[in-house]
Structures are given as structure tokens and as C-alpha cells.
Amino acid sequence: MPAKVLTRLNFCRELIMTNPLLTRRNVLALAVGGTVATVMPRVSRSDTAKGFAIDIQSRVLDVNGRAAKVYGIAVDGKAGGLFTQFGPDFSAQVRNSLSEETLIHWHGLVPPVEQDGTPGLSGPLLGPGQSKFYRFANNRTGTHWMHSHSGLQEQQLLAAPLIVAENGAALVDEQEHVVMLHDFTFRDPAEILSELQGGGGLHAKHGVKAAKDPHAGHTMAKPTTAAMADIAYDAMLANDRTLADPEIVVAEKAGRFRLRVINGSAASNMWIDLGNLEGELIAVDGNSIRPVKGRVFPLAIAQRADVRLALPPGSGAYPVLFRVEGRDMQSGIVLKAGDSAVARISENGTVSPALDLSLEPQLRSIAELPDDPVARTEIVTLTGGESNYLWGLNGKPMMHDTLFSVREGERYEVVMQNLTTMAHPMHLHGHYFRVVGVNGQRFKGAIRDTVLVPVGGQVTIQFDADNPGTWAFHCHHLYHMNSGMMAAIAYTSAA
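Quick caveat: nothing in here was measured; it's all calculated off a predicted structure.

Draft legend 1. Just the overall build of the protein, in detail. Secondary structure assignment for the protein yields five helices and 31 strands. Counted over contacts in the protein with a minimum sequence separation of 6, partners at least 24 positions apart contribute 75%. Carbon and sulfur atoms make up 51% of the accessible area of the protein, which totals about 18,600 Å².

And the structure:
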């Protein structure tokens, strides 16, 4: 039996001793590479040769009484995302019903590179009215999402949840709810980017209320001053709604509840604030971790967090807020048990501090990996962001330039050092990585696909080169990525 499977089986023996609700099927799925997850309460439909029918389309959204034309993704004719189960191949027929080109990236899944959905690296864009069929083996359960990787369409809400649940009996008796977060603007994203690149930082221009600390007062003309935000937004959305009319989720008294939270924002890192509830963080980026208790958890752009809650007995209304770092803006949902009244919650709260990495060293992955040797260590500096708003890697703006090359079957370590004035959520396509160091502190941390590198911070990751191709490696802040902080990691047959 392969060493990796044996390692997972050894860990599964520990799991089965500590969680009697685990089934043999659950353990086998984990041993061969899956992650522990409960069965979703809704599944679009089972994958077939035809696959899911995914339509990229326009829609009109009401934001605090004002109509906004945005984009959306319908799955089998319905909004709300794609819900499926682990086991069958992932297959989907994607149609572009927009009047412009687009393409979907399956964020969290690891398809062959030609099906990754990254223009310029994985294939051409879909023109208006065109369709493309996708089919690939899917070995990743968990909370994921799908979004456009074309231009600035993600800012216009071209994104949706993509949940892959374990196929088998549920591990626990609990409700589940998916929350998709967005930062929203009525402005044309291209106009925003043009202003930023012209030196007109919107943070300063439009008077965003900022924290009273060294991070405050940022303008793009002062690159030595750290900044948590550089774009002024009109609203923060949780499942397309603001706190003026939040989603009310009916919950069971004294019940167990699992929130799957996806930060689909273009440029806003968030804090998950459970208020009076205490929760357990049980998965990050779709990968199960040993539970970490808390009431507040960080969630950078593009990251996902699964939080398990135990509601109190009796009736009650429990707001769960999503607070933007460096701003007084927030969105949220309300869990309502029984007949309790729901109080009005302001869209403006206290200014939230910057996300940091204090939690990262505490996260421990459920899936153990063998201690394979590292073939090579790469140093990557995150650079740029001066008055011209050019961002880059290792001192130069990129887009699809090769940052470094790897050879299949080897393990690589990447040390990322942030020399800029803003934090950067760094995402590697086609692979998962383990976080193994923060600011020189070494540990065996969580398995992720996106990690935040704060201002002045250093983050070390390791990944196995097991999916040949040329893959995007970029900052997931949409405006940073479109201003040069995006490169590629290429496989080569030579060392």
C-alpha cells in the first residue's frame, strides 16, 4: 500500500477512536485523499455524462432600494451555487449568456490545467453564446467556489458557491448553511482601476472611515504608509443582501449548525464575528482541521471557513456578522430559533483591525502528509504598489510570466515576504499547499489554497508538484492581480 495512504490510515484510527459517528466509508474516503465533511442538505443533482448545466448570465440585484445590474451563475436553472457529492467525476456544460467574453475558474478543485478556467494559461475565453464541456476526476470534498478569472468580472459578482460533500452517511446531525460574501460598488470596476493606476487612491478620495492606528491615512501617493483598504464600497453583501434586509435563517433550538463561509470579495478581507455564540473552526479552504474554538475568526479574500455552532436551548436570534478590516462596514445573517424578534443591525459598526496570522500556527490539518524531502526552496517577494499602482513579484509586474519551474513528483517550499504597503491573499492554482511557517516560526499547519501575507510578514508554504502544467500563482485582491501581481509556476522535464 502507498506510504501516503498508510499515513492517512494511521491517523484515521485515531479519528475512529475519538468520533464514533465516523463510518467505515468515511474513514476510507479520508484515507485515500478525501476530507471529512457532512452530507449537504441539498444537491443540485448527481453528475452524469451530460453534467451540470451552468449558465453565466446577467441579473438585477436590489442593494438598499437601488437596482444594480450584476452577473451571476445559475446551476440547472437555479441560483445559489453548485452542490454535489464526492465520488463521481465533476462534469458540467458551461454556457456564456453574457454579451462579453468570460471563463469560470473552479476555485478549490484541482482539474487538469486545460480545464482550470484561467485565460491565457488554460485555454481561450468563451465568447457570447459559446459553451464548453468540462469533465475531470474530483478528489476534493469541502467548501469551494467558482468565479470568473476574466478582467474585473468578479467585482460584478460573477461567482457562486461550489460545495462537494462526502458521499455517505452524515457524520453529525446538524443543519448547514452556505454564506457567500461580496464587497459591492455601483461604480464601473474599470473606472476604479483606472483611478487607482492614476494615483488617485479611492480610500483617501472618498473618505473611507479607517482605523486610528499606523494603518490609517493611506493614499497611493504615500507608499511607506500601510493600508488595509484602497477602494471605497457602497455596501457589503452576505448572500446578496445587506444588513438593512438580512437573511434570516431558521435554526433549531439547541441544535448543531454548520456555517460554510466563502469570502468572494474582490478587495476586502473580513472577520467572522459570532457575537454571543461560541463556535469551532473545523475546516479552512475546504480542508478539515482539528477544531479551534472561538467567537471571531479571520477570513481573507478567497478563503473559506467552516464553523460549527451549538445553539442555546430556547428561543433566540443570533446575528453572525462579517466585518471588513480597516472599515466600519459589515454584513451578516441572523440565525433565528423559535419565535424571538430580530433586532435591526446597522451596516456600520466599529472599525475592525487588520487581519493577522496569529491564528495560523494554531491550525492543524486532519489529513497527515508524509515528511518528504523538499527539493528546492524559492524566495518570492511581494513588491510594488507605489503611486502608479503597479504591483508585482520579485520586483516586477507580471501576468503570465513564469516565476519559477518545478519538476513533477518533487516537493517545493516557497517563502513569501511582503515588502509592500498592503496585505496580499496569495492563491496557487491546481494544487493545495501546507502552511509551514509564519515570520520564522515553523509548524505543520493547515492545508490551504489561499494564504494571507500581511504587511511586513513572511509566510512559508510547501506543495507537491503532482499536477503538470503551467499554473497561475497570484494575489487574489482583484485590482492587485490586474495590476501585475500574477505569475505562473511551470512544470519542466529538466531539473
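Draft legend 2. Summary view of the packing of aromatic side chains. In this structure the tally under the stated criterion is seven aromatic pairs. Seen from their ring centres, tryptophan 106 and tyrosine 134 are 5.2 Å apart, and the 80 degrees between their planes marks the pair as edge-to-face. Here tyrosine 134 lies in strand S6 (residues 131–136) and tryptophan 106 lies in strand S5 (residues 104–107), a separation of 28 residues in the sequence. For tryptophan 106, a relative accessible area of 0% puts it in the buried group. In this structure tyrosine 134 comes out as buried when scored by relative accessible area, which is 1%. Aromatic ring contacts, followed pair by pair, group Phe52, Phe90, Trp106, Tyr134 and Phe136 into a single cluster. The ring of phenylalanine 186 carries the charged tip of arginine 66 above its face, separated from the ring centre by 3.8 Å. Between arginine 140 and the ring centre of tyrosine 432, over which it is positioned, the NZ or CZ distance is 3.9 Å.

Draft legend 3. Region of interest: the side chain of threonine 460. Residue placement: threonine 460 occurs in strand S29 (residues 458–464). Beyond its immediate chain neighbours, meaning those up to four positions away, threonine 460 contacts Glu413, Val414, Val415, Arg434, Val435, Val436, Gly437 and Arg442.

Draft legend 4. Geometry of the sheet that holds strand S13 (residues 270–273). The strand order S11-S19-S18-S13-S16 describes an open sheet built from five strands, whose pairing is mixed. Strands at the two margins of the open sheet, each flanked by one partner only, are strand S11 (247–251) and strand S16 (296–299). Averaged over neighbouring strand pairs, the angle between their axes works out to 20 degrees when direction is ignored. When S13 meets strand S18 (residues 316–324), the two strands line up antiparallel, connected through four bridges. The residue bridging tryptophan 271 from the neighbouring strand is arginine 323, located in S18.

Draft legend 5. A look at the sheet that holds strand S31 (residues 486–491). Strand order in this open sheet of five strands is S22-S31-S30-S24-S28, and the pairing throughout is mixed. The outermost strands of the open sheet, each flanked by one partner alone, are strand S22 (402–406) and strand S28 (450–453). Shown here is a sheet whose adjacent strand axes are inclined to one another by a mean of 25 degrees, direction ignored.

Draft legend 6. Structural context of empty space enclosed by the protein. For the structure on display, the rule yields four cavities of 30 Å³ or more. Space inside the largest cavity adds up to approximately 150 Å³. Along its surface, the largest cavity is lined by 18 residues, and Pro298, Leu299, Gln303, Glu360 and Arg448 are the ones closest to its centre. Broken down by secondary-structure element, the contributors of at least two residues to the lining of the largest cavity are strand S14 (279–284), S16, strand S17 (304–310) and S28. The element contributing the most residues to the lining of the largest cavity is S16, with three residues.

Draft legend 7. Representation of helix H3 (residues 189–197) in the model. Where H3 is concerned, the buried positions are Pro189, Ile192, Leu193, Glu195 and Leu196. Each buried residue of H3 lies within a common arc of 160 degrees when the element is viewed along its axis, so the set occupies one face. For H3, the side-chain oxygen to backbone nitrogen distance between the N-cap and alanine 190 is 3.0 Å, and the N-cap itself is aspartate 188.

Draft legend 8. Up close: the nonpolar core. Counting residues in hydrophobic clusters, the biggest one holds 86 residues, and the most contacted among them are Leu281, Leu335, Met416 and Tyr479. In this structure leucine 335 touches Val249, Phe257, Leu277, Leu309, Leu311, Gly316, Ala317, Tyr318 and Val320, once residues within four positions along its chain are discounted. By size, the runner-up hydrophobic cluster in this structure holds 24 residues, among which are Phe52, Ile104, Met146 and Ala160.

Draft legend 9. Structural view of the pairing of S14. Counting buried residues in S14 gives five out of six residues, a clear majority hidden from the surface. Here five bridges tie S14 to strand S15 (residues 287–294), and the two strands are oriented antiparallel to one another. By the bridge assignment, leucine 281 is partnered in S15 with valine 292. Between S14 and S15, which follow one another and run antiparallel, lie two residues, and aspartate 285 among them has a positive phi close to 50 degrees.

Draft legend 10. Focus on the confidence of the model for the protein. With 83% of its residues at a pLDDT of at least 70, the protein reaches an overall mean of 86. Within the model, the stretch residues 1–47 combines pLDDT values under 50 with 108 contacts to residues more than four positions away or in other chains. Here residues 201–225 is a poorly scored stretch, pLDDT under 50, and it has 61 contacts once near neighbours within four places are set aside; other chains count.

Draft legend 11. Examining the environment of alanine 488 more closely. Among the structural elements, alanine 488 can be located in strand S31. Taking the relative accessible area as the measure of exposure, alanine 488 reaches 0% and is therefore buried. It is 8.9 Å that separates the C-alpha atoms of alanine 488 and methionine 398, two residues lying 90 residues apart in sequence. When residues no more than four places from it in sequence are discounted, the contact partners of alanine 488 are Leu121, His400, Asp401, Thr402, Leu403, Phe404, Thr470, Trp471, Ala472 and Phe473.

Reading guide: rules and limits
- Position labels on residues start from 1 in each chain and follow its written sequence.
- Given that the model is predicted, a residue must reach a pLDDT of at least 70 before its local features are reported, and side-chain atom pairs must reach 80 or more before they are shown or counted; all residues, however, enter totals for whole chains, interfaces and linings.
- Remark: hydrogens and water are excluded; side-chain values derive from all non-hydrogen atoms of the structure.
- Numbered from the N terminus, helices here are DSSP runs of H or I no shorter than four residues, and strands are runs of E no shorter than two.
- Working rule for contacts: check all heavy atoms of both residues, and any pair within 4.5 Å makes them a contact.
- Accessible areas in this description were obtained via Shrake-Rupley with a 1.4 Å probe; residue shielding takes into account the shown protein chains only.
- In this scheme Phe, Tyr and Trp rings, the latter by its six-membered ring, pair at centre separations within 6.5 Å, and the angle between planes marks the pair as stacked below 30 degrees, edge-to-face above 60, and tilted otherwise.
- Each residue is placed in one exposure class: buried if its accessible area under a 1.4 Å probe, protein chains only, is under 20% of its type's maximum, exposed if it is over 50%, and partly exposed if it falls in between.
- Comment: the charge-over-ring label is applied if NZ (Lys) or CZ (Arg) is within 6 Å of the ring centre and within 35 degrees of the ring normal.
- Whether two strands pair comes down to DSSP finding at least two bridges between them.
- Angles here are taken between N-to-C directions and fall from 0 to 180 degrees, while the axes themselves are lines fitted to C-alpha atoms, restricted in helices to the stretch in contact.
- Detection works on a 1 Å grid of protein atoms alone, calling trapped sets that fit a 1.4 Å probe cavities and calling open sets with protein on both sides within 12 Å along at least five of seven lines pockets, with lining residues defined by an atom within 4 Å of a point.
- Grid points are joined across faces, edges and corners, and a volume is the space filled by probe spheres set on the points.
- The arc in question is formed by the directions pointing from the helix axis toward the C-beta atoms.
- N or O atoms within 3.5 Å of each other form a polar contact, as long as, within protein, one can give a hydrogen and the other can take it, and as long as residues adjacent in sequence are counted only when both atoms are side-chain atoms.
- Only buried residues count toward a nonpolar core, which is a set of Ala, Val, Leu, Ile, Met, Phe, Trp, Tyr and Cys residues joined through side-chain atoms within 4.5 Å.
- Here pLDDT means the predictor's own confidence in every residue, given as a number from 0 to 100.

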